[in-house]
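Coordinate inspection notes
Residue strings, one per chain:
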Amino acid sequence: MSIYEIHDPRFRPLIQPSAHLDHLGSGFRWAEGPVWFPAHQALYVSDIPNDRIMRWTEGTGLSVFRSPAGHTNGHTRDREGRLVSCSHGTRSVIRTEHDGTITTLAESYGGRWLNSPNDVVVARDGAVWFSDPTYGILSDYEGYESVPEQDTNAVYRLPPGGGDPERMITGFVQPNGLAFSPDEQRLYVAESGSSHDPDVPSMLKVFEIQGSQVGEGRVFAHVEPGPPDGLRVDARGNVWCSAEDGVQVFDPDGTLIGKIRVPERVANLCFGGPRGNRLFMAATTSIYAIHVNARAAA
Ligand code: MG
């Protein structure tokens, strides 16, 4: 049986029909936050309950990069090639400098601790956008159980050059994955609240962005079976989103055009590899990859 589900002809040019789903390794308790570093030709990915960041390369396979790791979750690469990470354990957003030291970028809003930053993206202007649901403080499994101090679960922005976070987007039960469109005029945000409450719609919302201004959000797509967690946008603007059954791909107009079925629930994904056309998937206990005909926006 094919691993592909073609829902619309627009999906066919995005896949390599003969490509395999590669199983790169397992042993994770909950794999999340994959990020590709071209300079290292390496994938970094969180194993949240095991409190470690793993590293994968084609030649050496999986190895431990950092442990303990502050129960990190989502990662991204900033414009200077540094690792920016969300930490459940320290309830903060951190940056790993080129010399290996760690800088805290944000840990509070309005004088109160953040909940547990989950996913992060860096805009071209250097602003750092991150989501702050409560998953990392609900129990001692993915962080440290604690009482939320924030009055809502929001998306925040750190201005270019640093400073205090600004609360940008509210109205979510659990805001999770974040991704910009290639022109950065749209920000996609995943609502993953159905993880704990089946009455919450599993959906992606999209917001028009102009610098530090956020427009009204609207529902972009429903992701079933959900909940959606991490997502990425390719250079053509298609949205590749994690789901219970694998990866679901949406045209920029919101149409579900196809799926890549994966044997384990996918939490997050990224493009990478030597030519940028390999899709890496953090899927529960394992990391999978598949060659596609798409790559991340530059
Ligand atoms: Mg996430």
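Attention in this report is confined to the structure presented alongside it. These numbers were taken from a predicted model, which means no experiment stands behind them. (Residues numbered from 1 in each chain as written. Predicted model: local features only at pLDDT ≥ 70, side-chain atom pairs only at ≥ 80, totals over all residues. Heavy atoms only, no water.)

Applying the stated rule across the entire model yields 11 aromatic pairs. Centre to centre, the rings of Y44 and F65 are 4.8 Å apart; their planes meet at 70°, and the pair counts as edge-to-face. You can see Y44 sitting in strand β3 (residues 42-47) and its partner F65 sitting in strand β5 (residues 61-66), a full 21 residues away along the chain. Ring centres of W56 and F280 lie 5.6 Å apart, and the angle between their planes is 55°; on these two criteria the pair is classed as tilted. Linking W56 in strand β4 (residues 52-57) with F280 in strand β25 (residues 278-291), this pair joins segments that are 224 residues apart in sequence. As far as burial versus exposure is concerned, W56 and F280 are alike and both buried. Three or more aromatic residues joined by ring pairs make a cluster, and in this case those are W36, W56 and F280. (Phe/Tyr/Trp six-rings, centres within 6.5 Å; stacked < 30°, edge-to-face > 60°. Helix = DSSP H or I, 4+ residues; strand = E, 2+ residues; numbered from the N terminus. Buried < 20%, exposed > 50% of the residue type's maximum accessible area, 1.4 Å probe, protein only.)

Take the coordination of the magnesium ion next. All of the protein donors around the magnesium ion are E32 (OE), N118 (OD1), N176 (OD1) and D229 (OD); their distances to the metal are 2.1 to 2.4 Å. Summarised as a motif, the one-chain spacing of the donors to the magnesium ion is E-x85-N-x57-N-x52-D. Placement of N118 in the loop between β11 (112-113) and β12 (120-122) and of N176 in strand β16 (residues 175-180) is noted, with a sequence separation of 58 residues between them. On the accessibility criterion, N118 (3% relative accessible area) is buried. (Donors = N, O, S within 2.8 Å, 3.2 Å for Na, K, Ca; no water.)

Within the secondary structure, H88 sits in the loop between β7 (83-87) and β8 (92-96). Owing to a relative accessible area of 1%, H88 belongs among the buried residues under this scheme. In this structure, H88 is in contact with I48, G70, H71, N73, S116, P117, N118, Y135, G136, E142 and G143, ignoring residues within four places of it in sequence. (Contact = heavy atoms within 4.5 Å.)

Following the criterion strictly, the structure yields 0 disulfides and no others. Between C86, a free cysteine, and C270, which holds the nearest cysteine sulfur, the sulfur-to-sulfur gap is 15 Å. You can call C270 buried: its relative accessible area is 1%. (Disulfide = S-S within 2.5 Å.)

What follows deals with the side chain of S181. Looking at the secondary structure, you find S181 in the loop between β16 and β17 (186-191). Residue classification places S181 among the buried residues on the basis of a relative accessible area of 8%. The residues contacting S181, other than those within four sequence positions of it, are R186, Y188 and V233.

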